[in-house]
Every structure is written in C-alpha cells, then in structure tokens.
Amino acid sequence: PPSPKPHYRSAYRYPGLEDLNEDTLETFSPFEIGVRLFDYSSLEPLLAAHIYTASAKGQVPFHPVSMYLLGLYRREQDYSRHEVLRILRHSEDGQSLRHCTGFEDEFPGESGLRYFEGQLTPELQMEINALQLDALYQAGLRARLRCPCCVLVVTPSRAVARWADRPVDTGQPG
C-alpha cells in the first residue's frame with residue numbers, strides 16, 4: 001500500500017556492502033553490519049501504511065524505515081530512548097548511526113520514538129520478519145557469502161519472540 005505521507009523529514013538510503021571488508025568487520029557493530037547486509041527500503045510502504053495516517057495538521061513525519069532502524073539500534077544496545085536520541089544528535093558519536101538510519105538535520109523526540117515503537121504490533125513485526133526472510137532467500141545471501149546465514153529477531157514482544165524462536169528451513173545445507 002502507498003504511504004499516506006508524501007514526504008519525510010529523514011531519508012533512509014541503503015548504505016550498501018561496498019565498505020564491508022576484513023577491517024570494517026572488526027570495527028563495525030552488529031547493527032552496522034546488519035544494515036549493510038539487508039536493504040530495508042522494501043519495508044517503507046508496509047511501515048508507513050500501518051503507522052502513519054493522513055493528517056489535516058500537515059505534520060511531516062520521519063521516514064518509517066529511519067524510525068524502525070533507530071528502534072532496532074536502541075533495543076540492540078539496550079539504550080533508553082533518551083540515550084539513543086542523545087547519541088543520534090551528537091556530532092561525532094552519532095555520525096555512523098545517522099548514516100545507517102538516514103537522519104540528518106532533524107531528529108525525533110522521545111514521545112515520537114515511543115509512539116512509533118508502540119505501533120509495532122506483534123503481527124506487524126511477524127510480517128516484517130517474513131519479508132526479511134524472503135529477501136534473504138531471494139538474494140541468495142548464503143550462496144554469495146559462502147557461509148551459514150541466520151536472521152536475528154529483536155523484539156520486546158513475547159508473542160513475536162515465541163514465533164521467532166524456531167529454525168527456518170530454507171532448503172539450503174548448513
């Protein structure tokens with residue numbers, strides 16, 4: 001479904017694999033590696049349709065993938081919303097996070113991040129996970145990297161955790 005919003009205050013762009021090498025694999029965080037292995041652009045219509053509504057107020061929201069990735073980073077690092085937003089705004093410490101998520105000059109507040117994360121229902125998270133699994137399968141990531149691949153599901157929801165706590169048979173050895 002198309003987004004009810006015509007534009008956003010942030011601009012997620014897939015960073016690509018070009019800067020992944022032996023040196024950067026040693027220095028990048030798991031989050032920084034993950035956003036390079038998976039292009040989250042395909043989640044924009046799904047997230048926007050479930051989270052944003054047309055508004056007569058004319059408020060321009062942040063890109064849904066930017067917000068989704070910011071929430072993933074927050075949970076992966078076990079930061080409070082206040083901590084992750086402080087890092088995002090910091091000129092040096094937040095540089096990589098801004099690059100990975102697409103934030104530039106404007107940043108969400110705690111209430112905006114709380115609202116966005118609250119809209120990620122277990123059902124929506126399961127739909128996102130299914131899209132990610134499908135994308136990994138279609139891309140042939142296992143074959144290209146010549147190593148076993150897995151999907152890590154990070155969720156505050158017990159229902160989603162139970163759903164994700166199972167192996168997924170991709171039909172590939174390893």
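Structure shown above.
Residues numbered from 1 in each chain as written. Predicted model: local features only at pLDDT ≥ 70, side-chain atom pairs only at ≥ 80, totals over all residues. Heavy atoms only, no water.

Colleague: Sorry, what's going on with the environment of E117 here?
Modeller: Residue position: E117 is located in helix α7 (residues 110–118). For E117 and Y68, which are 49 residues apart along the polypeptide, the C-alpha to C-alpha distance reads 7.7 Å. Contact partners of E117, with chain neighbours within four places excluded, come to G71, R74, R75 and R81. (Helix = DSSP H or I, 4+ residues; strand = E, 2+ residues; numbered from the N terminus. Contact = heavy atoms within 4.5 Å.)

Colleague: When you look at helix α4 (residues 64–77) in this model, what are you seeing that I'm missing?
Modeller: A turn of α-helix holds 3.6 residues, and therefore any two residues three or four places apart point the same way. Between its first and last C-alpha atoms α4 spans 20 Å; for 14 residues at 1.5 Å apiece the expected length is 20 Å, and the two agree. Counting buried residues along α4, 12 of its 14 residues qualify, which places the element largely inside the surrounding structure. All buried positions along α4 are accounted for by P64, V65, S66, M67, Y68, L69, L70, G71, L72, Y73, R74 and R75. Trailing α4 by a residue or two, D78 shows a phi angle of about 60 degrees, which is positive. (Expected span 1.5 Å × (residues − 1). Buried < 20%, exposed > 50% of the residue type's maximum accessible area, 1.4 Å probe, protein only.)

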